[in-house]
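Each chain, letter by letter, is given below.
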Amino acid sequence: MIGQARPVVLLLARIAIGVIFLVHGYQKFATMGIAGTTKFFESAGIPLASVAAPAVAVLEVAGGLALILGAALPIAGTLLALDMVGAIVFVHGASGFSAGEGGYEFVLALAAASLAVGFTGGGALALDNVLARRRSPESALA
């Protein structure tokens, strides 16, 4: 039973975490704009804010899409987790743990979820799994 549920559960987790990152990245372009995001990054003391703001926005959109599609999962999961570590260090850490008070609780959960999804194979319908099957010697012999 657990073995049968695992691919579906990983698919659902991938999509949920991916959508969260996709929306957060999209907001940096559409709602705040890169100029607004840069101003916020500057106020938070993030180094090279004019470079970091568009880089983080692109990472969150592309990384979110990668999670949703199940593509390059270890890379996407690691980069998104590092993104969240930066958010903890520069934005949320000083506010303590509770997300309700601006703390790092939610951001830490996103970092952990990104790593978990990134390093568990992605589950059902993950492009990484489809591509791995196509490249495996066993599938070439079949």
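Presented here is an overview of the structure given in this document. Keep in mind the model is a prediction, meaning the values are calculated, not measured.

Looking now at the packing of helix H3 (residues 49-69) against helix H4 (residues 73-92). Where H3 meets H4, the closest approach of the two axes is 9 Å, and the angle between their N-to-C directions is 140°. Our classification of the angle between H3 and H4 gives oblique. Regarding H3 and H4, the two cross each other, and that crossing is left-handed. Of the residues in H4, those touching H3 at Val56, Leu59, Glu60, Gly63, Gly64, Ala66 and Leu67 are Leu73, Ala76, Leu79, Leu80, Asp83 and Met84. Classifying every residue of the contact of H3 with H4 gives nine nonpolar, two polar and two charged.

Our next topic: H3. The terminal C-alpha atoms of H3, which comprises 21 residues, lie 29 Å apart, in line with the 30 Å expected from a rise of 1.5 Å per residue. On its buried face, H3 sits against helix H1 (2-30), helix H2 (33-43), H4 and helix H5 (105-118). Downstream of H3 by one or two residues, Gly70 has phi in the positive range, about 75°.

What counts, and at which threshold
- Residues numbered from 1 in each chain as written.
- Predicted model: local features only at pLDDT ≥ 70, side-chain atom pairs only at ≥ 80, totals over all residues.
- Heavy atoms only, no water.
- Axes fitted to C-alpha atoms, helices over the stretch in contact; angles between N-to-C directions.
- Helix = DSSP H or I, 4+ residues; strand = E, 2+ residues; numbered from the N terminus.
- Parallel < 35°, antiparallel > 145°, perpendicular 65-115°, else oblique.
- Left-handed = near helix turned anticlockwise from the far one by under 90°.
- Contact = heavy atoms within 4.5 Å.
- Nonpolar A, V, L, I, M, F, W, Y, C, P; charged D, E, K, R; others polar.
- Expected span 1.5 Å × (residues − 1).

Just geometry here; none of it tells us what the structure is for.
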